[in-house]
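Chain by chain, the residues:
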Number of protein chains: 2
Amino acid sequence: MRKLSSTNYYNQVYLEDKCALNELLYLLSKRWLTEVLFSIEEGNNRFSSIKEDLKHISDNILANRLKQLEHYQLISRQENVHEVPLRVEYTLTSSGTKLSDMLDQLCKFAESEVVFPE
Amino acid sequence: MRKLSSTNYYNQVYLEDKCALNELLYLLSKRWLTEVLFSIEEGNNRFSSIKEDLKHISDNILANRLKQLEHYQLISRQENVHEVPLRVEYTLTSSGTKLSDMLDQLCKFAESEVVFPE
DNA sequence: CTGTATCCGATAAGATACTG
DNA sequence: CAGTATCTTATCGGATACAG
């Protein structure tokens, strides 16, 4: 449970405090996270439909990414408590939508301007 | 030297192939990388001046980040071979400059729109 | 001055099994 | 259906020592 004894953890906090960009990039770089965001934007609003859309993602990781996106208020989660089986729906928040737009731009940049090795 | 036996490595390659955005985000999320990019943009064009600017970075990591930025042609490296002691200068390429602009935007978004937990 | 080589602890992705 | 818990293996950041 202990974080790294010293500099490793300290530097992470230092950089996240220095600029919000670092924290955002750290979040966005988690594998599958942007894919989940885009999948919800495209209308897959259930756990199972996202999982089906992103064929290779595991339950484990999908649940974790949904939690993180919700935690940062990029998506919202509506649980219909009284239905059996349990039915949960995810939708993008307004900042989630804005982020998705910015990532589209960044994606176009990546595809057109960045020289990827090999 | 072996990569992960199976799915872990496979998924990384799959996602990077699926969209260049994933590879770019994976690069950008490496600790200190955007800080190094911004530091060079602000005029710190020597190994030692970047190191001084980013007080807590280690030689190890700085060298690695410079190599990666150069590898993706976001910065260029000019070595003045005949000087002793060795003198090397780094500058942003045109795509490095564009990336820096897009990151500025993303940073403003992060600071104004994203709700960070706690 | 501008790096490289080696080692170590912490974290991340994924496999598998299980739950309300 | 929508997750949680536990475990394994790979990779990352940083410390330290050294080199051209």
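Residues numbered from 1 in each chain as written. Chains lettered and ligands numbered in written order. Predicted model: local features only at pLDDT ≥ 70, side-chain atom pairs only at ≥ 80, totals over all residues. Heavy atoms only, no water.

S.K.: Would you explain the protein's contact with DNA strand C in this entry?
M.R.: Around DNA strand C there are 25 residues in total, and Tyr26, Asn60 and Arg65 of chain A together with Arg77 and Tyr90 of chain B lie nearest to it. Near-protein atoms of DNA strand C (within 4 Å) split between backbone and bases, with sugar and phosphate holding 84%. In this structure, a sugar or linking oxygen belonging to DNA strand C sits 2.9 Å away from a side-chain N or O atom of Arg31 of chain A. In the model, a phosphate oxygen of DNA strand C is placed 2.6 Å from a nitrogen or oxygen of the Arg77 of chain B side chain. Secondary structure elements with two or more residues in the surface near DNA strand C: α5 (59-71) of chain A together with α1 (7-18), α4 (47-53), α5 (59-71) and β2 (87-92) of chain B. At 4 residues, the largest contribution of residues to the surface near DNA strand C is made by α5 of chain B. Taken together, the residues of the surface near DNA strand C sort by class into 10 nonpolar, 6 polar and 9 charged. (Near = heavy atom within 4 Å. Polar contact = N/O pair within 3.5 Å; in protein donor to acceptor, adjacent residues only side chain to side chain. Helix = DSSP H or I, 4+ residues; strand = E, 2+ residues; numbered from the N terminus. Nonpolar A, V, L, I, M, F, W, Y, C, P; charged D, E, K, R; others polar.)

S.K.: Help me understand the side chain of Ser95 of chain B, please; the structure alone is not making it clear to me.
M.R.: The topology assignment puts Ser95 of chain B in helix α6 (residues 94-113). A residue is classified by how much of its surface remains accessible, and Ser95 of chain B, at 7% relative accessible area, is buried. Filtering out sequence-adjacent residues up to four positions away, Ser95 of chain B remains in contact with Phe109 and Glu113 of chain A together with Gln73 and Leu74 of chain B. (Buried < 20%, exposed > 50% of the residue type's maximum accessible area, 1.4 Å probe, protein only. Contact = heavy atoms within 4.5 Å.)

S.K.: Help me understand the state of the cysteines in this model?
M.R.: A covalent bond bridging the sulfur atoms of two cysteines is what the word disulfide describes. Overall, the coordinates contain 0 disulfides over all chains when judged by the stated rule. Considering cysteine sulfurs only, Cys107 of chain B is the nearest to Cys19 of chain A, which forms no disulfide, with 3.0 Å between them. (Disulfide = S-S within 2.5 Å.)

S.K.: Just checking my understanding: could you explain the relation of the copies chain B and chain A for this structure?
M.R.: Relating one copy of the chain to the other takes a rotation about an axis and a shift parallel to that axis. Between chain B and chain A, the superposition needs a rotation of 180° and an axial shift of 0.0 Å, giving an RMSD of 0.1 Å. Overall, the copies show the geometry of a two-fold rotation axis. Minimal C-alpha distance to the rotation axis in chain B is attained by Ser29 of chain B, lying at 3.0 Å. Comparing interface residues between copies, 100% of those in chain B also sit at the interface in chain A, which points to an isologous, same-surface contact. (Least-squares fit on C-alpha atoms with pLDDT ≥ 70 in both.)

S.K.: Can you walk me through the environment of Trp32 of chain A in this structure?
M.R.: Tracing the backbone shows Trp32 of chain A in the loop between α2 (20-28) and α3 (33-41). On a C-alpha basis, the gap between Trp32 of chain A and Ile61 of chain A in space is 8.1 Å, while along the polypeptide they are 29 residues apart.

S.K.: Looking at this model, I keep getting lost on the pattern of salt bridges. Mind explaining?
M.R.: Using the criterion set out here, one finds 10 salt bridges over all chains in the structure. A salt bridge links Lys18 of chain B to Glu35 of chain A; the shortest N-O distance between them is 3.0 Å. Taken together, the residues Lys18 of chain B in helix α1 and Glu35 of chain A in helix α3 connect one chain to another. Judged by relative accessible area, Glu35 of chain A falls into the buried class, the value being 8%. A salt bridge links Glu113 of chain B to Lys98 of chain A, with the shortest nitrogen-to-oxygen separation between them at 2.9 Å. Separated into two different chains, Glu113 of chain B in helix α6 and Lys98 of chain A in helix α6 (residues 94-113) make up a pair that spans both. Accessibility expressed as a relative area gives 30% for Glu113 of chain B, which makes it partly exposed. (Salt bridge = Lys/Arg side-chain N within 4 Å of Asp/Glu carboxyl O.)

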